[in-house]
Amino acid sequence: MPRGALQEGGVFAWSALFRQVLVHGAVTLLLVSTVVYLHTRELTGMAGAALYLAAAWAFFSGFALSHIIHEWGHFLGAAISGSAFTIKPRVHPLFFDFDYVANRPGQFLALSTGGLLGNIALFFALLFLNIPNSLVLTALLAAVIGQLVYVLILELPVSLGVLAGKQPLDVLAAHFGQGKPLFIRATVGGVVAATLAFLLV
């Protein structure tokens, strides 16, 4: 059991975790089912404005799925490594708080790489699915690729810094201390990657 996902009295926050799983799982199911439906509709003749709206929804779904899987990858990395963290009592996109002071650098690396592995797993799952290509599927994959590049630019340097022996909080402060230019670079990189993927896939 993770050390820090506790409520008052030292009881593991199973109810809070169940609440996050239930809502995030429902959103994921909704996104996946609608994309599958739109993909099927395209293969059976959907065209015109409806098709472009479907592709736009698929792109949004790819972004949302990437975020959900990324955050649960972080959570699994933290939980498997026995990290201290707190699950938020209310449903939230960022549904838990990692205790940077209480945890060791190795546990931070587990947290960090878990999120990245989630994005990579989603990318390869879509890449190797044996299903016919479509505009809907292309839009979904483009969003997933864009989000993967965004995460690489935003988070990978921190992991590499900790892997090199630096303290997580020091690396986080130095890296994210760059402020807006860092997020602009990550966003531009993600948009360029998504655009290229959409045009070339």
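Structural data are supplied above this passage.
None of the values given here were measured: they were computed from a predicted structure.

### A short note on the nonpolar core
Piece 1. Grouped together as the largest cluster of nonpolar side chains are 45 residues, with contacts concentrated most on Phe 75, Phe 96, Phe 108 and Leu 140.
Piece 2. Residue assignment for this core shows that the elements contributing at least two residues are α1 (14–43), α2 (49–80), β1 (85–87), β2 (96–98), α3 (105–127), α4 (135–163), α5 (168–176) and α6 (180–200).
Piece 3. For this core, the leading source of residues is α4, giving twelve residues.
Piece 4. With sequence-adjacent residues up to four places away left out, Phe 96 is seen in contact with Glu 71, His 74, Phe 75, Ala 78, Phe 85, Thr 86, Ile 87, Lys 88 and Leu 111.

### Describing the environment of Ala 16
Piece 1. With respect to the helices and strands, Ala 16 occurs in helix α1.
Piece 2. Each C-alpha atom, one on Ala 16 and one on Ala 64, is 21 Å from the other, the two residues being 48 residues apart in sequence.

### Brief notes about the packing of aromatic side chains
Piece 1. If you walk through the whole model with that rule in mind, you get 14 aromatic pairs.
Piece 2. Taken together, a centroid distance of 5.5 Å and an interplanar angle of 50° make the contact between Phe 75 and Phe 95 tilted. Of this pair, Phe 75 sits in helix α2 while Phe 95 sits in the loop between β1 and β2, and the two are 20 residues apart along the sequence.
Piece 3. Residue Phe 75 is classed as buried on the basis of its relative accessible area, which comes to 6%.
Piece 4. The class of Phe 95 is buried, set by a relative accessible area of 0%.
Piece 5. Both rings, one in Phe 85 and one in Phe 96, keep their centres 5.6 Å apart while their planes meet at 75°; by these two values the pair is edge-to-face. Here Phe 96 lies in strand β2 and Phe 85 lies in strand β1, a separation of eleven residues in the sequence.

Rules used throughout
- Along each chain, the written sequence defines residue order, and numbers are assigned to residues from 1.
- Only residues with pLDDT of 70 or above have their local features reported here, since the model is predicted, and side-chain atom pairs are shown and tallied only from 80 upward, although totals for entire chains, interfaces and linings are computed over all residues.
- Only heavy atoms go into the side-chain values, all of them from the structure, while hydrogens and water stay out.
- Buried residues of nine kinds, namely Ala, Val, Leu, Ile, Met, Phe, Trp, Tyr and Cys, make up a nonpolar core once their side-chain atoms join them within 4.5 Å.
- Per-residue accessibility, obtained with a 1.4 Å probe over protein chains only, is compared with the maximum for each type, and a residue is labelled buried under 20%, exposed over 50%, and partly exposed between these values.
- Secondary structure elements are defined from DSSP: runs of H or I of at least 4 residues count as helices, runs of E of at least 2 residues count as strands, and each element is numbered from the N terminus.
- Contacts are assigned to residue pairs with any non-hydrogen atoms lying within 4.5 Å of each other.
- Classification of ring pairs rests on two measures: the distance between centres of Phe, Tyr or Trp rings, Trp counted by its six-membered ring, which must be within 6.5 Å, and the angle between planes, read as stacked under 30 degrees, edge-to-face over 60 and tilted in between.

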